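Summary of structural features
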Amino acid sequence: MKTREQIITDMCMTYRHDYGLDKLPSDPPWTAGMTPTERKGLWDTMAQIYDNNIQPIMDLKNGKSS
């Protein structure tokens with residue numbers, strides 16, 4: 001089974017296929033990739049979705065209560 005971090009990273013890659021590509025803040029907006037700040041922002045958003053919406057369902061499926 002995947003870890004929390006692996007699932008969140010997969011969510012980021014699904015949402016933004018260029019999630020793993022580095023981009024400088026000075027690069028034009030049409031270039032592929034994300035700056036470290038953009039990447040952290042997306043990861044934090046996906047982590048919040050995972051923690052609030054996905055993990056509770058997985059816990060119920062596995063017989064855990066919160």
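As shown above, the structure is provided for reference.
Let me begin by describing the structure that accompanies this report.

1. Topic: the pattern of salt bridges
Per the counting criterion, the structure on display carries 6 salt bridges. Among the salt bridges present, the one from D10 reaches K2, with a minimum N-O distance of 2.3 Å. Classification of D10 as partly exposed rests on a relative accessible area of 32%. Judged by its relative accessible area of 48%, K2 is partly exposed. For the salt bridge of R39 with D22, the shortest nitrogen-to-oxygen distance reads 3.1 Å. One end of the pair, R39, is in helix α2 (residues 36-61); the other, D22, is in the loop between α1 (4-15) and α2, with 17 residues separating them in the sequence.

2. Points about the nonpolar core
Formed by I7, I8, M11, C12, Y19, M34, L42, M46, A47, Y50 and M58, the largest nonpolar core amounts to 11 residues. Listed by contribution, the elements that provide at least two residues to this core are α1 and α2. The leading source of residues in this core is α2, at 5 residues.

3. Section: the packing of α1 against α2
Axis separation between α1 and α2 bottoms out at 9 Å; the angle between their running directions is 120 degrees. It follows that α1 is oblique to α2 by the angle criterion. In this structure, α1 crosses over α2, and the sense of that crossing is right-handed. Residues R4, E5, I7, I8, T9, M11, C12 and Y15 of α1 touch α2, and the partners they reach there are L42, W43, M46, A47, I49, Y50, D51, I54 and M58. Here the residues of the contact of α1 with α2 are counted per class, giving 13 nonpolar, 1 polar and 3 charged.

The rules behind these values
- Residues numbered from 1 in each chain as written.
- Predicted model: local features only at pLDDT ≥ 70, side-chain atom pairs only at ≥ 80, totals over all residues.
- Heavy atoms only, no water.
- Salt bridge = Lys/Arg side-chain N within 4 Å of Asp/Glu carboxyl O.
- Buried < 20%, exposed > 50% of the residue type's maximum accessible area, 1.4 Å probe, protein only.
- Helix = DSSP H or I, 4+ residues; strand = E, 2+ residues; numbered from the N terminus.
- Core = buried A, V, L, I, M, F, W, Y, C linked by side-chain atoms within 4.5 Å.
- Axes fitted to C-alpha atoms, helices over the stretch in contact; angles between N-to-C directions.
- Parallel < 35°, antiparallel > 145°, perpendicular 65-115°, else oblique.
- Left-handed = near helix turned anticlockwise from the far one by under 90°.
- Contact = heavy atoms within 4.5 Å.
- Nonpolar A, V, L, I, M, F, W, Y, C, P; charged D, E, K, R; others polar.

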